[in-house]
Amino acid sequence: MTITITAFAQSPDRGRGLARDMRVRWALEEVGQPYAVRLLTFKDMKEPAHLALQPFGQIPTYEDGDLALFETGGIVFHIAERHAGLLPEDADARARAISWMFAALNTIEPPILDREMPTYTERDKPWYAERLPILESRIRTRLDALSRRLGDADWLDGAFSAGDLLMVTVLRRLEGSGVLEDYPRLSAYITRGKDRPAYTRAFDAQRAVFTATSA
């Protein structure tokens, strides 16, 4: 059976590759697995059929036969475990790659989202201008450590892995914020990720949905 994932019928990221189905698309492209996409409206996401797959009414979900998964970290980990190409064969290197997957989602992404949400919901509030530098300072603390650890290497731990895939997609949420301009190593790291053919295929597929619905 063909793997099926869910994605926004009208993505709020306006085709920029930031919606979380991008991570799953990229992982599937890296391991060479075909997949189908079921597009959902925001109303569809709150219907019982989708809530049975994703109890929080979000995207993406992943279905393969009788297996149904939600949460991008869990989905990407499953893809990486089942198919060669995203996790090293060496047990220790594999464990380190998995650690970087958790680091991307649990250490780097939360302060980025803490900064991102007020730009949508609090920009007109009197405290916004004072709060933003505080939020950015928390991000910079994480990026300082990440940049030092990456150094001049291409990837976080040897060859490209699922840890890099998730880290690149998380860091991309800072594009256009001005924060990444102070981190040339991380900017170059993001560019290397975006230059991968599998990334390009995933990005084009996600953007095609936005282009079609916009037209």
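Scroll up to find the structure.
What counts and what doesn't
- Residues numbered from 1 in each chain as written.
- Predicted model: local features only at pLDDT ≥ 70, side-chain atom pairs only at ≥ 80, totals over all residues.
- Heavy atoms only, no water.
- 1 Å grid on protein atoms, 1.4 Å probe; cavity = no way out; pocket = protein on both sides within 12 Å on 5 of 7 lines; lining within 4 Å.
- Points joined across faces, edges and corners; volume = space filled by probe spheres on them.
- Helix = DSSP H or I, 4+ residues; strand = E, 2+ residues; numbered from the N terminus.
- Core = buried A, V, L, I, M, F, W, Y, C linked by side-chain atoms within 4.5 Å.
- Buried < 20%, exposed > 50% of the residue type's maximum accessible area, 1.4 Å probe, protein only.
- Contact = heavy atoms within 4.5 Å.
- Pairing = 2+ DSSP bridges.
- Right-handed = clockwise from strand over helix to strand, strands pointing away.
- Salt bridge = Lys/Arg side-chain N within 4 Å of Asp/Glu carboxyl O.
- Axes fitted to C-alpha atoms, helices over the stretch in contact; angles between N-to-C directions.
- Parallel < 35°, antiparallel > 145°, perpendicular 65-115°, else oblique.
- Left-handed = near helix turned anticlockwise from the far one by under 90°.
- Nonpolar A, V, L, I, M, F, W, Y, C, P; charged D, E, K, R; others polar.

Novice: Before we move on, could you go through empty space enclosed by the protein and cite the residues and values that matter?
Specialist: Throughout the structure, instances matching the rule amount to two cavities of 30 Å³ or more. In this structure, the largest cavity encloses a volume near 60 Å³. Along its surface, the largest cavity is lined by Ala7, Phe8, Ser11, Asp13, Gly15, Asp21, Arg25, Gln206, Val209 and Phe210. Among the elements of the structure, strand S1 (3-8), helix H1 (21-30) and helix H8 (197-214) are those that each provide at least two residues to the lining of the largest cavity.

Novice: Describe the nonpolar core, and please don't skip the residues or the numbers.
Specialist: If you look at the biggest cluster of nonpolar residues, it comprises 50 residues, and the most contacted ones within it are Ile79, Leu86 and Met167. For this core, the secondary-structure elements that each account for two or more residues are S1, H1, helix H3 (72-82), helix H4 (91-121), helix H5 (128-150), helix H6 (162-171), helix H7 (184-194) and H8. Among the elements that line this core, the one with the most residues is H4, at nine residues. In this view, isoleucine 79 contacts Val24, Ala27, Leu28, Val31, Tyr62 and Leu86; residues no more than four positions away in its chain are not counted. Phe8, Ala19, Met45 and Ile59 belong to the second-largest nonpolar core, a separate cluster that totals five residues.

Novice: Account for the pairing of S1, naming residues and giving values.
Specialist: Among the six residues in S1, six count as buried, and that is most of the element. As defined by bridge partners, S1 adjoins strand S2 (residues 35-40) across six bridges and the pair is classed as parallel. Bridging across to S2, isoleucine 5 finds its partner in valine 37. Note that the unit made of S1, H1 and S2 has a crossover that is right-handed.

Novice: Could you give an account of the pattern of salt bridges, with specific residues and numbers?
Specialist: Per the counting criterion, the structure on display carries 16 salt bridges. With its nearest N and O atoms 2.6 Å apart, the salt bridge here joins arginine 23 to glutamate 109. With arginine 23 in helix H1 and glutamate 109 in helix H4, this pair connects stretches of sequence that are 86 residues apart. With respect to burial, arginine 23 and glutamate 109 carry one shared label: buried.

Novice: Lay out the packing of H1 against H8 with the relevant residues and their values.
Specialist: Packing of H1 against H8 leaves a shortest axis separation of 8 Å and a crossing angle of 135 degrees. It follows that H1 is oblique to H8 by the angle criterion. Once H1 is placed against H8, the crossing between them reads as right-handed. For the pair H1 and H8, the contacting residues are Asp21, Met22, Arg25, Trp26, Glu29 and Glu30 in the first and Ala198, Tyr199, Arg201, Ala202, Phe203, Ala205, Gln206 and Val209 in the second. Looking at the contact of H1 with H8 residue by residue, the classes come out as eight nonpolar, one polar and five charged.

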